[in-house]
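# A structural walkthrough
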Amino acid sequence: MDIKISKVANSRAHELRKDELVFGKEYADHMLVCDYKDGQWGTPEIVPYGPLSLSPSTSALHYGQAIFEGVKAYRQPDGTAAVFRPEKNWERLNKSAARLDMPEIPKEIFLEGMRQLIALDNSWVPNEDGTSLYIRPFMMATDEFLGVRSSHDYKFMIINSPAGPYYSKPVRIYVQEKYVRAVPGGIGYTKAAGNYGASMLPTSEIKKMGYDQILWTDAFEHKFVQEIGTMNVFFIVDGKALTPDLNSGTILAGVTRDSVIALLKENGIPVEERPISILELVQAYKEGKFQEAFGTGTAASMSLIQDLTYEGETLTLPPAETFPIANKIKKQLDDIRYGRTEDKNGWLFKVN
Ligand code: COI
């Protein structure tokens, strides 16, 4: 595919303190930009990372036709970089696009654009254990128009940020009953910017109370758990892995979620994807059967959960560092991502 490339005069990669990576703070030298006009996508361009010039009436800023993805590239033992399952992110971005009445992005622009961008910014892929290059593809409505209707024009972009762990220690979870994230028929299954905007106030409130993240519950009864702000959720109960199913359209279909389910099954651990009530977890806790809990997400990878607080009662799990299943799967997943073991499922997409 034809991509116009304008390189930076001087790379900033050597300035990067790879031992002090904070998630989402530093950006690689280049970004990909592709505009949708008159009903079709133009030629993608790779240009130096920098500010955009946007009209104040740009419709994404007012009505939130804005969607994104999270993908990661990992340094391989031979010095190349590989992206983890980017095709799944392409599929999911297009599901988000369909729900927000935005145009689908062609696979070639998404995947080949990403490949060429990461190949060019290869020196930004950190090589310390636990680090990666976080890739953020996104699309926004760009009509300069304040009438409420779907935009005609859009911009698709990819930016890259070298990243360390999202959570540095096991997380403390607050089970939310006051606010709601998603309802059937809504946009909970999409990676729409608005889903995250609506979570800011509830998250600030629970952070002040000493928790790290919210576990959202269903909008009708506040009984069935959905997902954590930045992650899908898994519980190990009586040797089985339980995770909410995707059927109600209120939960993001995580790529890490899908990969962890596959690995759990490969390890012979039964996986139940079904509605999970918080009361079932409280009961299992009382019976001593609630063994482990963890979240999965691209940014957060696999984050262990130390405790969950529901209606003033805290369910404290054994020290997360000792979780046998979660830590085993986490290691297996990392070994695949960093090319330390055979990629049997074909999850790595080599960029150079
Ligand atoms: C991701 O895991 O990629 C996310 O998008 C979560 C968050 C950083 C928004």
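Residues numbered from 1 in each chain as written. Predicted model: local features only at pLDDT ≥ 70, side-chain atom pairs only at ≥ 80, totals over all residues. Heavy atoms only, no water.

### Quick look at the nonpolar core
Ranked by internal contacts, the top residues of the largest apolar core, which has 50 residues, are Leu-215, Phe-235, Leu-264, Phe-290 and Leu-308. Two domains share this core, each providing at least three of its residues, namely domain 1 (4-164) and domain 2 (171-337). Contacts of Phe-290, omitting those with residues within four sequence positions, involve Phe-235, Ile-236, Val-237, Leu-281, Ala-284, Tyr-285, Leu-308, Leu-315 and Leu-317. Residues Leu-16, Tyr-36, Val-125 and Ala-141 belong to the second largest nonpolar core, which totals 49 residues. (Core = buried A, V, L, I, M, F, W, Y, C linked by side-chain atoms within 4.5 Å. Buried < 20%, exposed > 50% of the residue type's maximum accessible area, 1.4 Å probe, protein only. Domains from an automatic or database assignment. Contact = heavy atoms within 4.5 Å.)

### Focus: helix H6 (residues 255-266)
Counted at 1.5 Å a residue, the expected span for H6 with its 12 residues is 16 Å, and the 17 Å between its end C-alpha atoms agrees. If you check which residues of H6 are buried, you get Val-255, Thr-256, Arg-257, Ser-259, Val-260, Ile-261, Leu-263 and Leu-264. Just downstream of H6, Gly-268 is the residue with a positive phi angle, here 75°. (Helix = DSSP H or I, 4+ residues; strand = E, 2+ residues; numbered from the N terminus. Expected span 1.5 Å × (residues − 1).)

### A word on the site of the ligand
Neighbouring residues of the ligand: Phe-68, Gly-70, Tyr-134, Arg-136, Tyr-166, Lys-191, Tyr-196, Thr-298 and Ala-299. Side-chain polar atom of Tyr-134 to an oxygen atom of the ligand: 2.6 Å apart, as the coordinates give it. Within the contact set of the ligand, an oxygen atom lies 3.2 Å away from a backbone nitrogen or oxygen of Thr-298. Look at the ligand: alone it shows 280 Å² of surface, and the protein chains cover 92% of it. When atom positions are compared with the pocket grids, the ligand is found to occupy the largest pocket. Tallied by class, the residues present in the shell around the ligand amount to 5 nonpolar, 2 polar and 2 charged. Each of domain 1 (4-164) and domain 2 (171-337) accounts for three or more of the residues forming the shell around the ligand. (Near = heavy atom within 4 Å. Polar contact = N/O pair within 3.5 Å; in protein donor to acceptor, adjacent residues only side chain to side chain. Areas by Shrake-Rupley, 256 points an atom, 1.4 Å probe, with all protein chains shown as cover. 1 Å grid on protein atoms, 1.4 Å probe; cavity = no way out; pocket = protein on both sides within 12 Å on 5 of 7 lines; lining within 4 Å. Sits in = over half its atoms within 2 Å of the grid points. Nonpolar A, V, L, I, M, F, W, Y, C, P; charged D, E, K, R; others polar.)

### Quick word on the layout of surface pockets
There is about 740 Å³ of room inside the largest pocket. Every residue lining the largest pocket is counted, 36 residues in all, and those nearest its centre are Arg-136, Tyr-166, Tyr-196, Gly-229 and Thr-230. Sorting the residues of the lining of the largest pocket by element identifies strand S8 (132-141), strand S9 (154-163), helix H4 (193-197), helix H5 (200-208), H6 and strand S16 (290-297) as the ones contributing at least two each. Tallying contributions element by element places H5 first for the lining of the largest pocket, with 4 residues. (Points joined across faces, edges and corners; volume = space filled by probe spheres on them.)

### Focus: the side chain of Thr-203
Turning to its location among the elements, Thr-203 is positioned in helix H5. The exposure class assigned to Thr-203 is buried, which follows from its relative accessible area of 12%. With sequence-adjacent residues up to four places away left out, Thr-203 is seen in contact with Gln-213 and Ile-214.

### Comments concerning unusual backbone geometry
Notably, Asp-101 is not glycine yet its phi reads approximately 55°, a positive angle. Here Asp-101 shows up in the loop between helix H2 (86-99) and helix H3 (107-120). Residue His-222 is not a glycine yet carries a positive backbone phi of 55°. Structurally, the position occupied by His-222 is in the loop between strand S11 (213-217) and strand S12 (225-228).

### Overview of the pattern of salt bridges
Going through the model one piece at a time under the given rule, you end up with 22 salt bridges. For Arg-12, the salt bridge identified is with Asp-29, shortest N-O distance 3.9 Å. Taken as a pair, Arg-12 in the loop between strand S1 (4-5) and strand S2 (30-37) and Asp-29 in the loop between S1 and S2 lie far apart in primary sequence, 17 residues in all. Salt-bridge contacts for Asp-143 lead to Arg-149; the nearest nitrogen and oxygen are separated by 2.8 Å. Residue class for Asp-143 comes out buried when judged on its relative accessible area of 8%. Exposure remark for Arg-149: the relative accessible area of 35% places this residue in the partly exposed category. Shared partners join several salt bridges into a network, and the residues in it are Asp-129, Lys-331, Asp-335 and Arg-340. (Salt bridge = Lys/Arg side-chain N within 4 Å of Asp/Glu carboxyl O.)

### What about the packing of H6 against helix H8 (residues 324-337)?
When two helices pack together, their arrangement is captured by the angle between the axes and the distance separating the axes. Between H6 and H8, the shortest axis-to-axis distance is 10 Å and the interhelical angle comes to 110°. The orientation of H6 relative to H8 falls into the category roughly perpendicular. The way H6 lies across H8 gives a crossing that is right-handed. Contacts between H6 and H8 involve Thr-256, Ser-259, Val-260, Leu-263 and Leu-264 from the former and Ile-325, Ile-329, Gln-332, Leu-333, Ile-336 and Arg-337 from the latter. (Axes fitted to C-alpha atoms, helices over the stretch in contact; angles between N-to-C directions. Parallel < 35°, antiparallel > 145°, perpendicular 65-115°, else oblique. Left-handed = near helix turned anticlockwise from the far one by under 90°.)

### Brief notes about the environment of Ile-158
Tracing the backbone shows Ile-158 in strand S9. Residues Ile-158 and Gly-113, spaced 45 residues apart in sequence, show a C-alpha to C-alpha distance of 8.4 Å.

### A look at the environment of Ala-97
Along the chain, Ala-97 turns up in helix H2. For Ala-97 and Ala-192, which are 95 residues apart along the polypeptide, the C-alpha to C-alpha distance reads 8.7 Å. Every residue in contact with Ala-97, bar those within four places of it in the chain, is listed here: Ile-67, Met-102, Pro-103 and Met-139.

### Brief notes about empty space enclosed by the protein
It is the rolling of a water-molecule-sized probe over the atoms that shows where space remains empty. On inspection of all chains with the given rule, the structure shows 2 cavities of 30 Å³ or more. The wall of the largest cavity is formed by Gly-70, Val-71, Lys-72, Tyr-74, Phe-84, Asn-89, Val-255, Thr-256, Thr-298 and Arg-337. Of the residues forming the lining of the largest cavity, the biggest block, 3 residues, is contributed by strand S6 (residues 71-75). Counted by class, the lining of the largest cavity contains 4 nonpolar, 4 polar and 2 charged residues. Approximately 30 Å³ is the volume found for the second largest cavity. Among the residues forming the lining of the second largest cavity, the class breakdown is 2 nonpolar, 3 polar and 1 charged.

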